[in-house]
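Given next are the chains, with one letter for each unit.
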Amino acid sequence: MSTTEYTVSGMTCDHCARAVTAEVSAVPGVRGVSVDVAAGRVAVEADGPVDAAAVAAAVEEAGYEVVGA
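None of the values given here were measured: they were computed from a predicted structure. (Residues numbered from 1 in each chain as written. Predicted model: local features only at pLDDT ≥ 70, side-chain atom pairs only at ≥ 80, totals over all residues. Heavy atoms only, no water.)

Asks: Help me get a handle on the overall build of the protein chain, residues and values and all.
Replies: Helix and strand counts for the protein chain stand at two helices and four strands. Against the globule reference of 11 Å for 69 residues, the protein chain gives a C-alpha radius of gyration of 10 Å, in line with a compact fold. Along the longest, intermediate and shortest principal axes, the C-alpha atoms of the protein chain span 30 × 20 × 15 Å. Per-residue burial for the protein chain yields a buried fraction of 35% across its 69 residues. (Helix = DSSP H or I, 4+ residues; strand = E, 2+ residues; numbered from the N terminus. Rg over C-alpha atoms; globule rule 2.2 N^0.38 Å. Buried < 20%, exposed > 50% of the residue type's maximum accessible area, 1.4 Å probe, protein only.)

Asks: How would you sum up helix α1 (residues 14–25)? Please name residues and give values.
Replies: Here α1 is 12 residues long and its end C-alpha atoms lie 16 Å apart, about the 16 Å a rise of 1.5 Å per residue gives. Buried residues of α1: C16, A17, A19, V20 and V24, and no others. Down the axis of α1, the smallest arc covering the buried residues is 165°, so these residues share one side. Turned more than 90 degrees away from the buried face of α1 sit D14 and A22, all of them exposed. (Expected span 1.5 Å × (residues − 1). Arc of directions from axis to C-beta.)

Asks: Just give me the short version of the environment of S34, but keep the residues and values in it.
Replies: Along the chain, the position of S34 falls in strand β2 (residues 30–36). Put simply, S34 and A58 are 24 residues apart on the chain and 14 Å apart in space, counted from C-alpha to C-alpha. Here S34 is in contact with R41, V42 and A43, once residues within four sequence places are set aside. (Contact = heavy atoms within 4.5 Å.)

Asks: Could you give me a rundown of the pairing of strand β3 (residues 41–46), with the residues and numbers involved?
Replies: The pairing of strand β1 (residues 2–9) with β3 spans six bridges and is antiparallel. Bridge pairing links T7 to R41 in β3. Pairing of β2 with β3, which is carried by six bridges, proceeds in the antiparallel orientation. From the neighbouring strand, D36 faces β3, where its bridge partner is R41. Connecting β2 to the antiparallel partner β3 that follows it, the hairpin turn spans four residues, and G40 within it adopts a positive phi of roughly 70°. (Pairing = 2+ DSSP bridges.)

Asks: Talk me through the environment of V59; I want residue IDs and the actual numbers.
Replies: The topology assignment puts V59 in helix α2 (residues 52–61). For the pair V59 and V24, spaced 35 residues apart in the sequence, the C-alpha separation amounts to 6.5 Å. Those residues in contact with V59, other than ones at most four positions away along the chain, are V8, V20, V24, Y64, E65 and V66.

Here's what the structure looks like:
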């Protein structure tokens, strides 16, 4: 299993973490999502490569933005 980390702007609370987790978990190939609101980081676990654009789109669907991607 591999883990890829993304920097996400705009997250401020547990609700933010739940929203991002729900959207990113729906991306094909994603096996787990860990959100660190304080650090502004989202770790995505997958068995193989996951489309970074799909993760960014899922984060945007939740109302936030992947930065530096």
